[in-house]
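So the chains spell out like this:
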Amino acid sequence: MTDNLFAGLTPAPADPILGVTEKFRADPRPQKVNLGVGVYLTEEGKTPLLDVVKEAEVALAQSNQPHGYIPINGLPGYCSAVQKMIFGADSEVVLSGRAVTVQTLGGTGALKVGMDLMHSVCGETRGVSSVPTWGNHNALLKLAGYEVGGYRYYDAANDDVDFDGMIEDLRALPPKTLVILHSCCHNPTGYDLTPEQWDEVIELCRKNNLTPFLDMAYQGFRDGLEEDAAAIHQFAKSGLDFLLSTSFSKSFNLYGERIGALTVVTQSAAEAAVVLTQIKSVIRANYSNPPSHGARIVERVLSDPTKYQQWLGELTQMRNRIRTMRKMLADEMARIGSKRDFSFVTRQNGMFSFTGLSPEQIDRLADEFGIYAVRNGRICICGLNTKNVEYVAKSIATVL
């Protein structure tokens, strides 16, 4: 008799974010609040179906297109539209052809394909991310075969970026280190670098031969679509080679369609053509072909000026709701006389806030009040609404 192949396995730990939602769903209390969810929610606590997406889906259904395989690197029109959205249709990067953009399985898929490219094809062996970062960054690096490290980012004492610590840690990295950077709306802290700080990071990458890999999952959720790509434009003008992950899960609310893109910026169109062949080889070995439905929706919107403006309007509404809830939480904490000044929440960007709450305080919020968040203190601002923000503020103030 052969040995039981899996007898020695132990259960893997629950995902720190998805596990929060599971606990929330199991809680019978009617006043429960989910601040751990990583999706945009409306005032009613629902994931919206954007009007521009609804219109695109109706048009696609009426077109009766067959469901055949699409190219390994995705729909050509989608890839072209995404690249123009990121850099601008008249940008040097687009006109020169020195960037290659491929469709991926969400932003996570873009990160995985890019990491595989740099490790398996280009031979890079060390990867670092910010401390703290989105938990999946380090898991992806590890699974791709990297030696995983980190660089300082969050200054808890001053509720800001520890930029001096960040630069010191980046400066100490060996050449050919893959450096994961959040281009805007840093997850989980909500604190972003200034343009001047980005310039310093760019020069350090150039001088020390580091490989920047920018993750842009929340474009449009800080100041606007064009404004939120400012760091990307700085890298593009620098002449550096770099990688970029893009996701449309949040900005289009297409979470279940897994629609994203990987862009690699090179020195020339000839280099980009070679890189594309290598990326296609990596994708073929991972999942062969991406799905078409979500890509057709995004392509349809990005390629039509009228629909594009309609989408920008809906994106603005989402961004403004997040800003309103940030202010309401800070104002409510001040009104009830919280031990801690929560005005820092209004200086953070995007969907998340790093509250500085300890794991024990987060546990108390769940146990005593039915308010669920990630144990590192990150809350999703989208989980707040005008009906629950007062309750959440009072509960946070109680556990401080």
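To start, this report covers the structure provided alongside it. Small disclaimer: the values here were computed from a predicted structure and weren't measured. (Residues numbered from 1 in each chain as written. Predicted model: local features only at pLDDT ≥ 70, side-chain atom pairs only at ≥ 80, totals over all residues. Heavy atoms only, no water.)

Focus: the overall build of the protein chain
Of regular secondary structure, the protein chain possesses 14 helices and 13 strands. Scaling as 2.2 N^0.38, a compact globule of 400 residues should have a C-alpha radius of gyration of about 21 Å, and the protein chain matches this with 22 Å. Each principal axis of the C-alpha distribution contributes one length, and for the protein chain these read about 65 × 60 × 55 Å. Considering only contacts within the protein chain whose residues lie at least 6 apart along the sequence, 74% involve residues at least 24 apart. Entry remark: accessible area of the protein chain is about 17800 Å², with carbon and sulfur atoms responsible for 53%. Here the protein chain holds 39 positive side-chain charges and 45 negative ones, and the gap between their average locations is 4 Å. (Helix = DSSP H or I, 4+ residues; strand = E, 2+ residues; numbered from the N terminus. Rg over C-alpha atoms; globule rule 2.2 N^0.38 Å. Contact = heavy atoms within 4.5 Å. Areas by Shrake-Rupley, 256 points an atom, 1.4 Å probe, with all protein chains shown as cover. Lys, Arg positive; Asp, Glu negative; His and termini not counted. Charge placed at Lys NZ, Arg CZ, Asp CG, Glu CD.)

Quick word on the environment of Asp3
Note on placement: Asp3 falls in the segment before α1 (18–26). Residue classification places Asp3 among the exposed residues on the basis of a relative accessible area of 72%. It is 58 Å that separates the C-alpha atoms of Asp3 and Gln317, two residues lying 314 residues apart in sequence. (Buried < 20%, exposed > 50% of the residue type's maximum accessible area, 1.4 Å probe, protein only.)

Side note on the nonpolar core
Most often, soluble globular proteins keep nonpolar side chains buried together rather than apart. By size, the foremost hydrophobic cluster in this structure holds 100 residues, and its most contacted members are Tyr78, Val201 and Trp311. The residues contacting Trp311, other than those within four sequence positions of it, are Leu50, Val52, Met85, Leu225, Ser251, Phe252, Val301 and Leu302. Formed by 23 residues, the second largest nonpolar core is a distinct cluster that contains Leu111, Leu141, Phe213 and Leu243. (Core = buried A, V, L, I, M, F, W, Y, C linked by side-chain atoms within 4.5 Å.)

A look at the sheet that holds strand β7 (residues 177–182)
An order of β2-β10-β9-β8-β7-β3-β4 is seen for the 7 strands of this open sheet, with the pairing classed as mixed. In the strand order of this sheet, the two ends are held by β2 (99–105) and β4 (147–152), each with one partner. Strand after strand, the sheet turns through a mean of 25 degrees between neighbouring axes, direction not considered. For strand β9 (residues 242–247) and strand β10 (residues 259–265), the ladder comprises 6 bridges, and the chain directions are antiparallel. Pairing of Thr246 across the sheet is with Ala261, part of β10. (Pairing = 2+ DSSP bridges. Axes fitted to C-alpha atoms, helices over the stretch in contact; angles between N-to-C directions.)

Regarding the pairing of β9
With 6 of its 6 residues buried, β9 lies for the most part within the structure. Side chains Phe242, Leu244 and Thr246 of β9 all project onto a buried face; the interleaved residues Leu243, Ser245 and Ser247 project onto the opposite face, where all are buried too. Handedness of the strand β8 (residues 211–216)-helix α9 (residues 230–238)-β9 crossover: right-handed. (Right-handed = clockwise from strand over helix to strand, strands pointing away.)

Some remarks on the pattern of salt bridges
Here the structure, examined in full by the defined rule, presents 21 salt bridges. Between Arg29 and Asp27 there is a salt bridge whose closest N-O contact spans 2.7 Å. Lys307 serves as the salt-bridge partner of Asp304, at 3.3 Å between the closest nitrogen and oxygen. Looking at Asp304, the relative accessible area reads 23%, which means it is partly exposed. One network of salt bridges, in which partners are shared, links Asp192, Arg222, Asp223, Asp228 and Arg323. (Salt bridge = Lys/Arg side-chain N within 4 Å of Asp/Glu carboxyl O.)

As for the packing of aromatic side chains
All told, the structure shown has 12 aromatic pairs when counted by the stated rule. Aromatic pair Phe24 and Tyr372: ring centres 6.2 Å apart, planes at 80 degrees, arrangement edge-to-face. In this pair, Phe24 sits in helix α1 while Tyr372 sits in strand β12 (residues 371–372), placing the two residues 348 residues apart along the sequence. For the pair Phe24 and Tyr372, one class covers both residues: buried. Its end group placed over the ring of Phe24, Lys32 keeps NZ or CZ at 4.6 Å from the ring centre. The lysine or arginine in question, Arg378, covers the ring of Phe352, its NZ or CZ lying 3.8 Å from the ring centre. (Phe/Tyr/Trp six-rings, centres within 6.5 Å; stacked < 30°, edge-to-face > 60°. Lys NZ or Arg CZ within 6 Å of the ring centre and 35° of its normal.)

Points about the pairing of β2
Counting buried residues in β2 gives 6 out of 7 residues, a clear majority hidden from the surface. The pairing of β2 with β10 spans 7 bridges and is classified as antiparallel. Paired with Val102 across the two strands is Leu262, which belongs to β10.

Regarding a nonpolar patch on the surface
A grouping of Leu5, Phe6 and Leu9 is seen on the molecular surface, where their side chains present a nonpolar patch of about 400 Å² in accessible area. One can find Phe6 in the segment before α1. (Patch = residues over 30% accessible without salt bridge, like charges linked within 9 Å, V, L, I, M, F, W, Y side chains within 5 Å.)

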